[in-house]
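A structural walkthrough
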Amino acid sequence: VNAGLVPKRLEKQTLTPHPLRGVDLRVAEHDLRERGISVSATPSREETCAGWVQLGFSLYKRLAKMGFKSHTQEGAEYIWLETHPHACFCALLGQVPLPKPTLEGRLQRQIVLHDAGLRIKDPMGFFEEITRHRLRLGVMPMELIYHPEQLDALVAAHTAWMSAKHPNETIRLGAKEEGFVVLPVGELKGKY
């Protein structure tokens with residue numbers, strides 16, 4: 001959950017004596033939003049978080065019971081890290097990707113992962129399989145294109161691998177009090 005660090009930091013930067021609105025989010029989320037990368041905000045209380053965030057918290061608790069520690073802890077045998085698939089794709093592409101439920105968005109994400117060296121299906125094979133006959137029948141080779149959830153999982157796994165094998169080619173955003181979000185690039189652009 002957020003520890004209220006963003007409002008404190010912003011209050012120091014402004015002359016506004018009253019509380020700032022719309023800043024109930026973590027430092028990492030604020031930094032990504034400032035760069036034009038849209039991410040959900042994490043409230044300051046676990047019970048007010050969205051269901052999928054609460055599920056993540058329960059996963060972290062289960063991992064801790066199994067001996068996993070945050071990637072920031074030195075010497076941990078088993079580690080976990082937090083990432084954000086949309087932010088990863090923005091960073092890898094150098095721009096905000098096309099909407100992920102669309103064919104174009106899925107192709108774009110699969111191309112960037114394939115180009116990053118992941119041993120996945122080459123998305124350009126999709127175009128080789130489109131024929132006049134298939135178009136007339138409305139039978140597209142969709143089995144060659146990964147689903148959005150699969151692409152998100154693949155970019156998260158790629159980020160974890162990069163963090164372990166090439167930590168200098170990753171970046172982490174956030175604060176120790178709230179946790180860090182890791183992205184699979186060495187640096188981020190100012191705006192996306």
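As shown above, the structure is provided for reference.
My aim in this report is to walk through the structure given alongside it, one point at a time. (Residues numbered from 1 in each chain as written. Predicted model: local features only at pLDDT ≥ 70, side-chain atom pairs only at ≥ 80, totals over all residues. Heavy atoms only, no water.)

A closer look at the overall build of the chain
- A count of helical and extended segments in the chain gives 8 helices and 4 strands.
- Expressed along its principal axes, the backbone C-alpha trace of the chain runs to roughly 65 × 40 × 35 Å.
- Within the span of the chain, comprising 192 residues, buried residues form 36% of the whole.
- Look at the contacts in the chain between residues 6 or more apart in sequence, and 46% of them connect residues 24 or more apart.
- Of the accessible surface of the chain, which amounts to about 12,000 Å², a share of 54% is contributed by carbon and sulfur atoms.
- Positive and negative side-chain charges in the chain, numbering 25 and 22 respectively, have mean positions lying 2 Å apart. (Helix = DSSP H or I, 4+ residues; strand = E, 2+ residues; numbered from the N terminus. Buried < 20%, exposed > 50% of the residue type's maximum accessible area, 1.4 Å probe, protein only. Contact = heavy atoms within 4.5 Å. Areas by Shrake-Rupley, 256 points an atom, 1.4 Å probe, with all protein chains shown as cover. Lys, Arg positive; Asp, Glu negative; His and termini not counted. Charge placed at Lys NZ, Arg CZ, Asp CG, Glu CD.)

Some points on the nonpolar core
- Counting residues in hydrophobic clusters, the biggest one holds 23 residues, and the most contacted among them are Leu32, Ile37, Leu113, Leu173, Leu183 and Leu188.
- Looking at this core, the elements that each hand over two or more residues are α2 (27-34), α4 (85-93), α5 (103-115), α8 (148-165), β3 (171-175) and β4 (179-183).
- Of the residues forming this core, the biggest block, 5 residues, is contributed by α4.
- The residues contacting Leu183, other than those within four sequence positions of it, are Leu32, Thr83, His84, Ala87, Cys88, Thr159, Thr170, Ile171, Leu173 and Leu188. (Core = buried A, V, L, I, M, F, W, Y, C linked by side-chain atoms within 4.5 Å.)

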